[in-house]
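# Inside the fold
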Amino acid sequence: MAVLYHGEPNGPSLSVLAVLAECGLEDQIETRAINLLAGERHTIPGITEPLARDLGVEGEGPVLVVDGEACQESVFLAQYLDEAAGAGLQPKDAYTHWQMMMWCRRITERCAPAAAFLGNRAYATPVLAAMDDPSFDAITASIASADLRQRWADTRSGAFPETAQADSQVKIADAAALVETQLGDGREWLIGPLTIADFETYGWLVGMVDLMPDAFADRPLAKAWMARMTARPSVQSALARAGTAHPERVWAPGPEINRWG
Amino acid sequence: MSVALYHWEPNANSGKPMLALMEKGVTFDSHYIDMLAFDQHKPEYLAINPQGTIPAMVHNGRVLVESTAIMEYVNEAFAGPALMPDNPLERWRIRWWMKFMDQWLGPSFSMIGWSVFVGPMVRKRDPAELEAAIDRIPLPERRVAWRKAISGQFGEAELAESRRRVAFGIALLEEELGKRDYVGSNAYSLADINIFNSTYSLPLSQPDLAGRDKTPNIMRWLKRVYQREAVKRTWAMGRTDLAHRYSLIMEGID
Ligand SMILES: N[C@@H](CCC(=O)N[C@@H](CS)C(=O)NCC(=O)O)C(=O)O
């Protein structure tokens, strides 16, 4: 029996929760909400194979525990759920599937680190800065990955270099422009049919609308697509799990910004 | 029906689609792009892939890029042996390892490789010519990488972090291959192709970290992969003595 541990419905937790509902698996996979910014992902009980949980590139994303093995990375969890349910959220045609995977890579490699940077800077830093040293040290002591631990420390101390900040803003604006262009031919969803790419993109971008309104100001197609996503029953079901009024303002350290072109 | 592949030596990113096509038994037109001669930034190649990176594949008039995504396409688009298992958990694990290599471990291998190999190889050339060559690179990130490689400007801290990751990643791979015959499952898959292409040189390039005594599981696996027909045919396509040198290490493993 698999258990899905997730944070507030935002970022990768939002995309995986929505895919879970879209696949009709909500009754079959138990879900447990955890507080990612309290480090709870690092102390999930009963894990016999923690490799991916500890070394996931995505950082503080949801964890699906299957027979004691901790599985991470929202795109791959979505593929797992889709393939287990036969839900059809991945194109059958090899070329269109390649397009979907390329789109997801574009989002996870460029947009996600930028969104995590800006989201954490705005919302996670105050929370971690207010934490006393022993509580923070207890969290970092439970984190296996040295580079993720460093991102926690940087988030707490507010170490967000100006150049990385400007670069992240450009990347979010680029992602919004990319969505706008992609929808330019009148299509409803990013790849054509509704796919995992829609959920992954939505999860990372939805929290950027308030933080970077200018990036979306001139993007009517992207905004309409976001509204269509928000209206989906699966997304509504994911958002209904929120424990706070504004889940899109809840962030925890995410993927790192590319260190080598 | 035609397949054309633009690639450099059969290693790292170029080696992935080469090997996947070979395993599937797909014949392809090979276009050798000499990375150290900056062939990847020439107009003829930019017409195929405007990003100026290798590899790229053209199938039925469509251009595909991104080595791991190309392999997944090859596995799905062509008949031949399946390079992904059916089990969803194993499929997840294979994808995880490929991402871990592509985004976490691989960039560290590259940074070290570029600082000790690529940089010194091209540094001898005429500086003005090099500068002009760099100006032609379309991706800003790649321009930065080439400048650093040529002028040897990698920071000590970033190289140290890359070395830390390489040591850590090798230890994880050793552990993984102690659990299963192949990466992520008990059958040969895309994950093996992906990771083999970035690790077969380890016994030579990182003798302190990998070798017969330190990483017996990795060595056993490397040898098993190396013995595949598809690997032999792919390595025969290399133009430098790279593949030959590595084949000598493999001969030495039982
Ligand atoms: N993520 C891409 C990376 C492609 C890439 O950057 N390839 C390197 C060679 S391994 C390249 O083309 N370098 C040429 C350059 O930087 O000029 C892939 O896996 O295909």
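Whatever comes next refers back to the structure up there.
### Focus: the overall build of chain B
Per the secondary structure count, chain B includes twelve helices and four strands. For chain B, the C-alpha radius of gyration of 18 Å lies close to 18 Å, the compact-globule estimate for 254 residues. Taken along the three principal axes of its C-alpha coordinates, chain B extends 50 × 45 × 30 Å. Burial statistics for chain B: of 254 residues in total, 57% are counted as buried. A separation of at least 24 residues holds for 69% of the contacts in chain B among residues at least 6 apart in sequence.

### Some details on the interface of chain A and chain B
Contacts between chain A and chain B engage 33 residues on the former and 42 residues on the latter. Both faces considered, chain A and chain B share a buried interface measuring about 3700 Å² in area, 60% of it formed by carbon and sulfur atoms. Applying the counting rule to chain A against chain B returns eleven salt bridges. The partner of Glu83 of chain A in a salt bridge is Arg95 of chain B, with the nearest N and O atoms 2.8 Å apart. Secondary structure elements with two or more residues in the side of chain A that touches chain B: helix H2 (51-55), strand S4 (69-71), helix H3 (74-85), helix H4 (94-129) and helix H6 (146-157) of chain A. Here the side of chain A that touches chain B takes ten residues from H4 of chain A, the largest share from any one element. Residues belonging to the side of chain A that touches chain B are distributed by class as follows: 17 nonpolar, six polar and ten charged.

### So, the nonpolar core
Core analysis: the biggest nonpolar cluster contains 131 residues, and Phe196 and Trp221 of chain B have the highest contact counts within it. By residue number, the principal contributor to this core is H4 of chain A, which donates 16 residues. Built from parts of two domains, this core gets at least three residues from each of domain 1 (3-85) and domain 2 (94-232) of chain A. Excluding anything up to four places from it in sequence, Phe196 of chain B contacts Leu19, Trp221, Leu222, Val225, Tyr226, Val231 and Trp235 of chain B. Counting residues in hydrophobic clusters, the runner-up holds 27 residues, among them Ala4, Tyr6, Val58 and Ala149 of chain B.

### Quick word on the side chain of Glu9 of chain B
Residues and elements named next belong to chain B. When you line up the elements, Glu9 lands in the loop between strand S1 (3-7) and helix H1 (12-24). Look at Glu9: it is buried, it has no salt bridge, and the nearest opposite charge is Arg239 at 6.2 Å. Reaching out from Glu9, the side chain makes a polar contact with the side chain of Tyr32 at a distance of 2.5 Å. In this structure, Glu9 is in contact with Ser14, Gly15, Met18, Tyr32, Gly238, Arg239, Thr240 and Leu242, ignoring residues within four places of it in sequence.

### Looking at the site of the ligand
All names here are of chain B. As a structural note, the neighbourhood of the ligand is formed by Asn13, Met35, Gln40, His41, Thr53, Ile54, Pro55, Glu66, Ser67, Trp114, Arg142 and Trp146. Protein chains shield 84% of the accessible area of the ligand, which is 510 Å² for the free molecule. In the shell around the ligand, the residues fall into five nonpolar, five polar and two charged.

Analysis parameters
Residues numbered from 1 in each chain as written. Chains lettered and ligands numbered in written order. Predicted model: local features only at pLDDT ≥ 70, side-chain atom pairs only at ≥ 80, totals over all residues. Heavy atoms only, no water. Helix = DSSP H or I, 4+ residues; strand = E, 2+ residues; numbered from the N terminus. Rg over C-alpha atoms; globule rule 2.2 N^0.38 Å. Buried < 20%, exposed > 50% of the residue type's maximum accessible area, 1.4 Å probe, protein only. Contact = heavy atoms within 4.5 Å. Buried area = accessible area lost by both parts, 1.4 Å probe. Salt bridge = Lys/Arg side-chain N within 4 Å of Asp/Glu carboxyl O. Nonpolar A, V, L, I, M, F, W, Y, C, P; charged D, E, K, R; others polar. Core = buried A, V, L, I, M, F, W, Y, C linked by side-chain atoms within 4.5 Å. Domains from an automatic or database assignment. Lys, Arg positive; Asp, Glu negative; His and termini not counted. Polar contact = N/O pair within 3.5 Å; in protein donor to acceptor, adjacent residues only side chain to side chain. Near = heavy atom within 4 Å. Areas by Shrake-Rupley, 256 points an atom, 1.4 Å probe, with all protein chains shown as cover.

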